[in-house]
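Below are the chains, spelled out letter by letter.
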Amino acid sequence: MILRTLCSVLTMAVCFSLIPVKRLTPAPALRPDEQVAKQIRDRGLTDLDAYAMLTELTGTIGGRLSGSPQAAAAVEWGRQTMLKLGFQNVHLEPVMVPHWVRGAVEQGMVWGPNSGTALTLNLCALGGSVGTPEAGVEGEVIEVHSLKEAGELGDRARGKILFYNRPMDPTLVNTFAAYGGAVDQRFAGASVAARVGAVAVMVRSMSLAIDNVPHTGAMGYEAGVPQIPAVAISTQDANQLSELVKADKTGRARIKLSCQTLPDVESANVVGELVGSEKPNEVIVMGGHLDSWDKGVGAHDDGAGVTQSLEALGLLKRLGMTPKRTIRVVLFMNEENGGRGAAAYAAKHLVGKETTIAGMESDSGGFAPHGFGVTATPRVYRRIQGWSSLLQPLEADRLTPGGGEADIEPLGAKGVPLIGLQPESQRYFDYHHSIKDTLDKVNPRELEIGAIAMATLAFQIAQHGL
Ligand SMILES: [Zn+2]
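Below is a short write-up of the structure. (Residues numbered from 1 in each chain as written. Predicted model: local features only at pLDDT ≥ 70, side-chain atom pairs only at ≥ 80, totals over all residues. Heavy atoms only, no water.)

## Here's the deal with the environment of Asn 281
Then, in step 1: Secondary-structure assignment places Asn 281 in strand S11 (residues 279-289).
Then, in step 2: Taking the relative accessible area as the measure of exposure, Asn 281 reaches 36% and is therefore partly exposed.
Then, in step 3: Discounting chain neighbours no more than four positions away, the residues touching Asn 281 are Lys 353, Glu 354 and Thr 355. (Helix = DSSP H or I, 4+ residues; strand = E, 2+ residues; numbered from the N terminus. Buried < 20%, exposed > 50% of the residue type's maximum accessible area, 1.4 Å probe, protein only. Contact = heavy atoms within 4.5 Å.)

## A look at the side chain of Asp 211
Then, in step 1: Along the chain, the position of Asp 211 falls in the loop between strand S7 (200-204) and strand S8 (230-233).
Then, in step 2: Within polar-contact distance, the side chain of Asp 211 engages the side chain of Lys 436 at 2.7 Å.
Then, in step 3: Residues in contact with Asp 211, not counting those within four places in the same chain, are Ser 234, Thr 235, Gln 236 and Lys 436. (Polar contact = N/O pair within 3.5 Å; in protein donor to acceptor, adjacent residues only side chain to side chain.)

## Some details on helix H4 (residues 69-85)
Then, in step 1: For H4, with 17 residues, the first-to-last C-alpha span of 24 Å sits near the 24 Å given by 1.5 Å per residue.
Then, in step 2: Each element contacted by the buried residues of H4 is listed here: helix H3 (49-61), strand S1 (88-101), strand S10 (260-274), helix H9 (299-318) and strand S12 (325-332).
Then, in step 3: At the exit of H4 stands Gly 86, carrying a positive phi of roughly 85 degrees. (Expected span 1.5 Å × (residues − 1).)

## Re the packing of H3 against helix H14 (residues 444-464)
Then, in step 1: Contact geometry for H3 and H14: axes closest at 8 Å, N-to-C directions at 110 degrees. Between H3 and H14, the angle falls in the class roughly perpendicular. In the packing of H3 onto H14, the handedness of the crossing is right-handed. Residues Asp 49, Ala 50, Tyr 51 and Leu 54 of H3 pack against Pro 444, Leu 447 and Glu 448 of H14.
Then, in step 2: Residues belonging to the contact of H3 with H14 are distributed by class as follows: five nonpolar, no polar and two charged. (Axes fitted to C-alpha atoms, helices over the stretch in contact; angles between N-to-C directions. Parallel < 35°, antiparallel > 145°, perpendicular 65-115°, else oblique. Left-handed = near helix turned anticlockwise from the far one by under 90°. Nonpolar A, V, L, I, M, F, W, Y, C, P; charged D, E, K, R; others polar.)

## Remarks on the layout of surface pockets
Then, in step 1: What the largest pocket holds in volume is close to 760 Å³.
Then, in step 2: Residue lining of the largest pocket: 37 residues in total, with Phe 176, Tyr 179, Asp 363, Glu 405 and Phe 429 positioned closest to the centre.
Then, in step 3: Of all elements in the fold, only helix H6 (175-180), helix H7 (184-195), strand S14 (369-375), strand S16 (418-423) and helix H13 (428-431) reach the threshold of two or more residues within the lining of the largest pocket.
Then, in step 4: Ranked by residue count, the leading element in the lining of the largest pocket is S16, at four residues.
Then, in step 5: A breakdown of the residues in the lining of the largest pocket according to their chemical character gives 12 nonpolar, 16 polar and nine charged. (1 Å grid on protein atoms, 1.4 Å probe; cavity = no way out; pocket = protein on both sides within 12 Å on 5 of 7 lines; lining within 4 Å. Points joined across faces, edges and corners; volume = space filled by probe spheres on them.)

## Digging into the packing of aromatic side chains
Geometrically, a pair of aromatic rings is defined through the distance of the ring centres and the angle of the planes.
Then, in step 1: Counted under the stated rule, the structure contains seven aromatic pairs.
Then, in step 2: A ring pair is formed by Tyr 179 and Phe 429, whose centres lie 4.5 Å apart and whose planes are at 25 degrees; its orientation type is stacked. Placement of Tyr 179 in helix H6 and of Phe 429 in helix H13 is noted, with a sequence separation of 250 residues between them.
Then, in step 3: Where Tyr 428 meets Phe 429, the ring centres are 5.0 Å apart and the plane angle is 85 degrees; that geometry is what we call edge-to-face. With respect to burial, Tyr 428 and Phe 429 carry one shared label: buried.
Then, in step 4: Cluster of aromatic residues (ring-pair linked, three or more members): Phe 176, Tyr 179, Tyr 428 and Phe 429. (Phe/Tyr/Trp six-rings, centres within 6.5 Å; stacked < 30°, edge-to-face > 60°.)

## Observations regarding the pairing of S14
Then, in step 1: By the criterion of burial, S14 is predominantly enclosed, with five of the seven residues buried.
Then, in step 2: Looking at chain direction, S14 and strand S15 (residues 398-401) are connected through four bridges and run parallel. Note on S15: the bridge partner recorded for Gly 371 is Arg 398.
Then, in step 3: This β-α-β element, S14 to helix H11 (residues 378-385) to S15, shows right-handed connectivity. (Pairing = 2+ DSSP bridges. Right-handed = clockwise from strand over helix to strand, strands pointing away.)

## Digging into the sheet that holds S14
Then, in step 1: Here we have eight strands laid out as an open sheet, ordered S1-S10-S12-S11-S13-S16-S14-S15, and mixed in their pairing. Two strands bound the open sheet, and with one partner strand each, they are S1 and S15. Strand-to-strand twist in this sheet, taken as the mean axis angle between neighbours without regard to direction, amounts to 25 degrees.
Then, in step 2: Running at roughly 5 degrees to S10, H4 makes contact with S1, S10 and S12 of the sheet.

## Comments concerning the coordination of the zinc ion
Then, in step 1: Distances from the zinc ion to its protein donors, His 289 (NE2), Asp 301 (OD), Asp 363 (OD) and Asp 363 (OD), fall within 1.9 to 2.7 Å.
Then, in step 2: Classification of the site at the zinc ion as irregular follows from its four donor atoms and the range of 52 to 147 degrees in their angles at the metal.
Then, in step 3: Written as a sequence motif, the donor residues of the zinc ion are H-x11-D-x61-D. In this pair, His 289 is assigned in strand S11 and Asp 301 in helix H9, connecting sequence segments 12 residues apart. The residues His 289 and Asp 301 share a single accessibility class, namely buried. (Donors = N, O, S within 2.8 Å, 3.2 Å for Na, K, Ca; no water. Tetrahedral: all angles 85-135°; square planar, octahedral: opposite > 155°, others 65-115°.)

This is the structure we're talking about:
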């Protein structure tokens, strides 16, 4: 064995000596844009500053419901953070926001008088809901699966509690599409039910996870229709309640809520930028929303987008990269229950001498990004596509038509190209608007890669225009 090995080593040595020695050719030099992208990437992945900021925001302030003292603290935190990062023209743009408070009482139970079964519900008020009288509201439960079905109940709904139980469609791989297909029940369910005389609504939580955690979210009342209480119940409770009312048609529920809407409060969008060296009046808006629901600490929704935007511009600043066009970070207020910050920003900035050339937002969670959704003309879309190779090392180079987020939509309505960061979506709605939206669900590198992708694309737009 040893002899044979020795022989083969000798043979190899002889053979290799006959192979002409090839000069090692150096890797091709990076193009200037690739060099810039690499610098942003290397620095971001070394520092991981987005996560440090998210730790501070969620740890020192927590949930940031519009109009709350925490939202006010978040505004000041945003301003101070922009100053620390060395942004220019850091300022607040005031806006009046709704002030809904949850209150201490959120209780519910269901029982089947005939079957003798009872269930205490894991529920929470939907944002904007009216409260109940102290004794609560009580009624027979009717399960429905759509607004249409609820409306068609007619008089049968009078005095009843409607239970909307259409789940998010599990066959859709993109969970945002599944959410979009179910959320009408949460937003509009109460008024549709009230029109046919129902006294309250319960809505299956917008989540694909089957657990005991209720997920809140915005609901709205139609003008001229009685306002009835609206709650979300956990998916597990929704499944059990469905069984209960199937087994016992006389199943009843009682709900007690102490939530209420107080007068509007002054709050603000937080704005800071790096002024363009050549075309300062051409502006790229990059942002997320500073407010959040109150159940968790708004880590993914949308602490992630806030800190990614801050980090994206902060990275450019740290690297001494001066954009030719202005890149402006906007931390929007009141995305969750009103969109007042987005409307105020668009009203103020779509007039006058500056031109908004692109709106970019991260509001789909801080998970590893796949790429961007782009709403733009075919020409602008192709132009952005031309830079996607710079995002390839981040594995974030997938561009899909359509996209953007709620805060930049008013810009899109005026023809501004919209760009929304698109992260992996499987876990987002497990946490969304619930006590589970906490810092431990965020991975520092995944979060940072989103920030790097935003910085990379925003800088290309700033240098080359759209
Ligand atoms: Zn959000």
